[in-house]
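# Tertiary structure, described
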Amino acid sequence: MCGIAGWVSYDPARPVTAATADAMTGTMACRGPDAHGLWRADRVALGHRRLAVIDPDGGAQPMTFAHDGRTLVSLTYSGEVFNFRELRAELEGRGHTFRTSSDTEVVLHAYLEWGEGLTERLNGMYAFAVWDTRTEELLLVRDRMGIKPLYYYPLADGVLFGSEPKAILANPAARAAVDAEGLAELVAFTKTPGHAIYKGMYELPPGHTLRVGHTGSRLRRYWALEAREHTDDLDTTVTHVRDLLEDIIGRQMVADVPLGTLLSGGLDSSVITALAARHRTATGGGPVRSFALDFARHAQDFRADDWRGTPDTPFADALARHVGSDHGVVTLQPSALLDTAAREAVMRARDLPFDLGDGDTSLYLLFKAVRERCTVALSGESADEVFGGYRWFHHPGSVAADTFPWLAPPFGTGISGPGSGPGESLLDRGLLEKIDLAGYRADRYREALAEVPHLDGAPPVERRMREIGYLHLTRFVQWMLDRKDRASMAVGLEVRVPFCDHRLVEYVFNTPWAMKTFDGREKSLLRAATRDLLPPEIADRVKAPYPTTRDPHYLEGLRTALKRATAGPDAPVRALLDGPSLAAATADEPEPGFRTGTELVLALDFWLRRHDVALEI
């Protein structure tokens, strides 16, 4: 997968130094444990940390193209282009010659052939930077769905960039400062495209390029969801979804290193695993590897509730038996979820306190175990956003609410006032009012709605459900993708997300809501397109969220950690907290409901201490 970083300076008085560029790149060693590279010219340095997946021997980076002894183009690239074989054949037909079998070199030659127009031709997950010595311009590119991260920090004389904020903050020209708007974005649970929380830093939005030159920079959107009339009938639609999934899995099974799947036993991961097993059989390979997560005593202690009616493990086992996968279960003890080293590894990887507590720690530990056997794993992430799987898609109150549906009652309570949204329970009420969290959420919601493409004459229900889908595909999914990227790359594991293939996203986005729910259930199209692959109990299983532990020892450990983090008047996080709420959360018999808030406070504390963040609010 890899990590990239770079620095451009057009001012001779502020030269690019190899030592600083190397330090920027070094912050992402976990993203690329296999190799390190740095390319430097008069005005630029490009850095690369490599996780070797395609052509391990030939794909070293940064990769350059030279003519008559002069370097014309240099590329530092993260990700995978899944149609690289077709592109390579087309480029060879246009006279290009290749010295490796890597997709990196295909991207390099695609730029030489089509320039910035290469973006319309790529299918995959990627973030890369191209330095063109002929024009002394830098081109930054991010994939359509934002699967791979890319940040930049404009300077008066150029730009800094990196796969993660930590790479940029390693350069003395950047500051780790957060103002009121940044803090609002941090806790609002709105995920504004392009917003990076830190003052002066930006995230390159999905489906965008940024060109930087002597005279300034130009941000260009090369892809967006569009409203198109859906003319296929139901049977044709179901067939087309299946055909797309077969093609997508076939492309994403290509790797020169061991590959497996993440299997929870839910519909999404079971579909991915079943299709991967089917492809492996068709191509003469052995059984696909699959991996599941479980918690110690989870089966014995499990109690059904409104969110989760069944534990995952029996269903994952059933699917593994059904397709004959080489299946492994990673079972975690409460002590592992509370382990300081594991929690800090997660928070170092995230750079920002977007913390889901044991949900993040367990994901990291799962990936760490998977990495012992595989370098690449396929995940069912994003199927809920694409096919309408979350419960709030189907709750009339959430759909009708004048806010993001995941913040609306009964699933979220973010519209009812300061301190009531996700993770806000321990934050100072005056602080929340100062940053105008409710107003910030309302503004971001209005901006998002204004972007939604509509068909003329669409009925109100169809129009609203198109809006709900758009909000998830451009906002909510970004948390899920970022979380999975950071947790996986923290251990050098490449996670691929087949449901994010832009062809599938475009097609299903424009499929009428009545067709997406034709059988009265969530994800009707996905069930219909893949039912023949699955045991009935999995094909009909109700959506269940990512599992979290219910062990009381974990909750007690959180309380102890909160006491430690907030002890003493000099604790940096105390200034952000509400005194009475903190006292209630750390009492010998704490009131219920503080778990999410406690996990956020612990993440904030680590973030403030590690990055020496200046809060300018």
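These lines cover the structure that appears in this document, whether it is placed above or below. (Residues numbered from 1 in each chain as written. Predicted model: local features only at pLDDT ≥ 70, side-chain atom pairs only at ≥ 80, totals over all residues. Heavy atoms only, no water.)

### Thoughts on the overall build of the chain
What counts is decided by this rule: Here a helix means four or more residues in a row that DSSP labels H or I, a strand means two or more in a row labelled E, and each is numbered from the N terminus. All radius of gyration figures rest on C-alpha atoms, and the globule criterion is 2.2 Å times the number of residues raised to 0.38. Only protein chains enter the accessibility calculation, which uses a 1.4 Å probe; a residue is then buried when its area is under 20% of its type maximum, exposed when over 50%, and partly exposed in between. In this description, contact between two residues means that some pair of their heavy atoms is separated by no more than 4.5 Å. Using a 1.4 Å probe, accessible areas were evaluated by the Shrake-Rupley method; residue-level cover was limited to the displayed protein chains.
In terms of helices and strands, the chain carries 24 helices and 19 strands. Here the chain has a C-alpha radius of gyration of 24 Å; the compact-globule value for 617 residues is 25 Å, and the two agree. In terms of overall dimensions, the chain has a C-alpha envelope of 75 × 60 × 55 Å along the principal axes. Counting only residues that meet the buried cut, the chain has 62% of its 617 residues in that class. Here the analysis covers contacts within the chain between residues at least 6 apart in sequence; of these, 71% occur between residues at least 24 apart. Accessible area for the chain stands at about 23,000 Å²; split by element, carbon and sulfur atoms hold 51% of it.

### Section: the pairing of strand β7 (residues 137-142)
On a regular strand, one side chain projects to one face of the sheet and the next to the other, so that they alternate. To keep it simple, the criterion reads: Note on pairing: two strands pair once DSSP finds at least 2 bridges between them.
The element β7 is extensively covered by neighbouring structure, given that five of its six residues are classed as buried. Note that strand β6 (residues 124-132) and β7 share six bridges and pair antiparallel. Across the sheet, the residue bridging to alanine 127 is arginine 142, located in β7. Hairpin connection of β6 to β7: four residues between the antiparallel strands, including glutamate 136 at a positive phi of 55 degrees.

### Section: the side chain of aspartate 578
For clarity, the cut-off: For the charge count, each Lys or Arg is scored as positive and each Asp or Glu as negative, with His and the chain ends excluded. Basic side-chain nitrogens of Lys or Arg form a salt bridge, by our definition, when they fall within 4 Å of a carboxyl oxygen of Asp or Glu.
On the secondary structure map, aspartate 578 appears in the loop between α22 (552-565) and α23 (579-585). The charged side chain of aspartate 578 is buried without a salt bridge, its nearest counter-charge being arginine 429 at 4.4 Å. In this structure, aspartate 578 is in contact with Leu426, Leu427, Asp428 and Arg429, ignoring residues within four places of it in sequence.

### Overview of the sheet that holds strand β13 (residues 216-221)
Each strand in a sheet pairs with its neighbour through backbone hydrogen bonds, running either in the same direction (parallel) or in the opposite one (antiparallel). Short version of the rule: Working convention: axes come from line fits to C-alpha atoms, limited for helices to the stretch in contact. Angles between N-to-C directions cover 0 to 180 degrees.
Taken together, the six strands give an open sheet; going across it, the order is β4-β5-β6-β7-β12-β13, and neighbouring strands pair in antiparallel fashion. Strands with a single pairing partner mark the edges of an open sheet, and in this sheet they are β4 (63-67) and β13. Neighbour-to-neighbour, the strand axes of the sheet open up by a mean angle of 15 degrees, direction not taken into account. Relative to β6, strand β5 (residues 70-81) runs antiparallel, the two being bridged by nine bridges. Bridge pairing links serine 78 to alanine 127 in β6.

### Points about the packing of aromatic side chains
When we look at a pair of aromatic rings, we describe it by the centre distance and by the angle of the planes. To keep it simple, the criterion reads: Aromatic pairing here means that ring centres of Phe, Tyr or Trp (its six-membered ring) are within 6.5 Å. Orientation follows from the plane angle: under 30 degrees is stacked, over 60 is edge-to-face, and everything else is tilted. Geometrically, a charge over a ring is one whose NZ (Lys) or CZ (Arg) sits within 6 Å of the ring centre while staying within 35 degrees of the ring normal.
Summed over all chains, the structure comprises 19 aromatic pairs. On the numbers, 5.7 Å between centres and 70 degrees between planes, the contact of tryptophan 392 with phenylalanine 411 is edge-to-face. In this pair, tryptophan 392 is assigned in the loop between α13 (383-387) and α14 (396-400) and phenylalanine 411 in the loop between α14 and α15 (429-434), connecting sequence segments 19 residues apart. In this structure tryptophan 392 comes out as buried when scored by relative accessible area, which is 8%. Relative accessible area serves as the criterion here: at 18%, phenylalanine 411 is assigned to the buried category. Ring centres of phenylalanine 393 and tryptophan 513 lie 5.9 Å apart, and the angle between their planes is 15 degrees; on these two criteria the pair is classed as stacked. In this pair, phenylalanine 393 sits in the loop between α13 and α14 while tryptophan 513 sits in helix α19 (residues 513-516), placing the two residues 120 residues apart along the sequence. The pair phenylalanine 393 / tryptophan 513 is uniform in exposure class, with both members buried. Taken together, Phe189, Tyr390, Trp392, Phe404, Trp406, Phe411, Tyr445, Phe476 and Trp479 form an aromatic cluster joined through their ring pairs. Note that arginine 444 overlies the ring of tyrosine 440, its terminal NZ or CZ placed 4.5 Å from the centroid. The residue whose ring lies beneath arginine 541 is phenylalanine 315, and the NZ or CZ to ring-centre distance is 4.2 Å.

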